[in-house]
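# Chain and residue survey
The chain contents come next:
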Protein chains: 2
Amino acid sequence: MQGSKRNCVNLFLRKTLGIQAMYKKVARREDIIQAAIEIFSKKGFQSASISEIAKRAGIANGTIYQYFRNKEDLFFSIPVEKTNEFRSQVALHLEGITGVFNKIRKFVWYFLYFFKNNPEYGRLLMLELRVNRSFAKTETYDFLKQSVRSVWDIIEEGQKEGVIRTDVDIYILRHLVLGILEHMVSRWLLKDAQYDILEHHQQVSRILIDALRGGVADSGGPVAKD
Amino acid sequence: MQGSKRNCVNLFLRKTLGIQAMYKKVARREDIIQAAIEIFSKKGFQSASISEIAKRAGIANGTIYQYFRNKEDLFFSIPVEKTNEFRSQVALHLEGITGVFNKIRKFVWYFLYFFKNNPEYGRLLMLELRVNRSFAKTETYDFLKQSVRSVWDIIEEGQKEGVIRTDVDIYILRHLVLGILEHMVSRWLLKDAQYDILEHHQQVSRILIDALRGGVADSGGPVAKD
DNA sequence: ATCAATATTGAACATAATTCATTATTATTA
DNA sequence: TAATAATAATGAATTATGTTCAATATTGAT
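Residues numbered from 1 in each chain as written. Chains lettered and ligands numbered in written order. Predicted model: local features only at pLDDT ≥ 70, side-chain atom pairs only at ≥ 80, totals over all residues. Heavy atoms only, no water.

## Examining the relation of the copies chain B and chain A
Once chain B is rotated about the relating axis by 180° and shifted along it by 0.0 Å, it coincides with chain A to within an RMSD of 0.0 Å. Such a combination of rotation and displacement between the chain copies is what one expects of a two-fold axis. An overlap of 100% is found between the interface residues of chain B and their copies at the interface of chain A, pointing to a shared contact surface. (Least-squares fit on C-alpha atoms with pLDDT ≥ 70 in both. Contact = heavy atoms within 4.5 Å.)

## Brief notes about helix α8 (residues 119-127) of chain A
Among the 9 residues in α8 of chain A, 8 count as buried, and that is most of the element. Those residues of α8 of chain A that sit buried are Pro119, Tyr121, Gly122, Arg123, Leu124, Leu125, Met126 and Leu127 of chain A. (Buried < 20%, exposed > 50% of the residue type's maximum accessible area, 1.4 Å probe, protein only. Helix = DSSP H or I, 4+ residues; strand = E, 2+ residues; numbered from the N terminus.)

## Regarding the confidence of the model for chain A
Of the residues in chain A, 84% reach a pLDDT of 70 or more, and the chain-wide mean stands at 87. Contacts for the low-pLDDT stretch residues 1-16 of chain A, under 50 throughout, to residues beyond four places or in other chains number 6 contacts. (pLDDT = per-residue confidence, 0-100.)

## Some thoughts on the packing of helix α10 (residues 149-161) of chain B against helix α11 (residues 170-190) of chain B
Residues and elements named next belong to chain B. As a packed pair, α10 and α11 sit with axes 10 Å apart at the nearest point and diverge in direction by 125°. Taken together, the axes of α10 and α11 lie oblique to each other. Once α10 is placed against α11, the crossing between them reads as right-handed. Across the interface between the two elements, Val151, Trp152, Ile155, Glu156 and Gln159 from α10 touch Ile170, Tyr171, Leu173, Arg174, Val177 and Leu178 from α11. (Axes fitted to C-alpha atoms, helices over the stretch in contact; angles between N-to-C directions. Parallel < 35°, antiparallel > 145°, perpendicular 65-115°, else oblique. Left-handed = near helix turned anticlockwise from the far one by under 90°.)

## Description of the interface of chain B and chain A
With 47 residues of chain B at the interface, the matching set in chain A holds 47 residues. Where chain B abuts chain A, roughly 3,700 Å² becomes buried across the two surfaces, and 56% of that area is made up of carbon and sulfur atoms. Run the count over chain B and chain A and you get 4 salt bridges. In this assembly, chain B and chain A are joined by 15 residue pairs in polar contact (both at pLDDT 80 or more). Elements that contribute at least two residues to the side of chain B that touches chain A include exactly α2 (19-47), α8 (119-127), α9 (139-146), α11 and α12 (201-213) of chain B. For the side of chain B that touches chain A, the leading source of residues is α11 of chain B, giving 12 residues. Taken together, the residues of the side of chain B that touches chain A break down into 19 nonpolar, 11 polar and 17 charged. (Buried area = accessible area lost by both parts, 1.4 Å probe. Salt bridge = Lys/Arg side-chain N within 4 Å of Asp/Glu carboxyl O. Polar contact = N/O pair within 3.5 Å; in protein donor to acceptor, adjacent residues only side chain to side chain. Nonpolar A, V, L, I, M, F, W, Y, C, P; charged D, E, K, R; others polar.)

Put into structure tokens, the structure is as follows:
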């Protein structure tokens, strides 16, 4: 999906621009996004100024509008790259793990680990983009939602195996998992990331697993104890 | 705390203004806040303009700056009244309920009920204020945090009775409860409040109670089954 | 090397928050 | 009640910043 889209863009660029200009254009776009991440995460959307971003990127104000429709479009373009990283890393970390509860444990750990290591991006995503009504209507938002698709898949797998309860709507179970994780990360970022967000990851997994199991009797499937 | 502060303000006003002017000043302040709620919740902080708020309140732009330091100060002043309402209503609804799990059920229900009935305010609180770094440093934010103090109290009570697990940090348990509730409300608001947020309140309570109980054996305390 | 196509620039423009000198209103005093 | 003082409200002027666009610079094709 994303790959084919990029190919289209590349084809278009190759036809109209030379190959060097194409690379330059892509690189400049990335320069702008990098500058935007730095300024936006330090000051927030509202207080960050286009002038400052342009200065950081080493270009004139007007040039930004060659690459992005407006300040908001630039802001909304930030998560694409990081979402790809998160998504592929989750897949990698889940690779080879058997047992849905072990997968839950790993997902919980990686989610917290990722934001521990990307607090600036976390601020943009968790405190601004994730709750922005316009952003929720963009393609990037759909793409972002796909990045936590694995939670859904794991729960479904567990329900099929009979180790995760089916008396509760799967949407509610997903709200439970993402709710506690996003809440923890948001509060942590609002407290200026002063403490170790990863410290209690095992406790988080434990209560989530108890909630997901529910009244269902242990099926003796591939489940590891803490 | 809040009461004594208001008294100070009143005393100050009574000394410097006549009693009529005092009431007028308070009323006008409330007019502005009411106009601000309407405009901010429709357009969001960024897109709402002071002119529009002033117009709605039937006053000149400059007058707003007699009552509030700036646009942000006005925005941050909104939650005070509603927080009082939420807090007192929670207390009322919990009145007379015995058994910590019954209290959890009632809290979950009232939380969802409150935002179902206050979606405009919900947008301001959940999608803007709650994740605003400057707001997190205000007194109003501390006041707001106190409004969910009951969750902490209920969990503590349950732990003392031995019906809520003690192998998990109480902070994590609170993240669990507020996490799923705030997540549900936020997603619902981003979806333009199209479905009934209250529909699954029993399922939410059920998984939360399973998570809070954990491995702890039923103590036979005042606990009702679903 | 020349010309066409494209990219960059930054001053000018538009919008909106904030200020402040002026005007209107309200309270006090004789 | 009239005169005066104190306070509140006003809205035009100021300031700040996102956005546009005509002019300039750069790049690619012949």
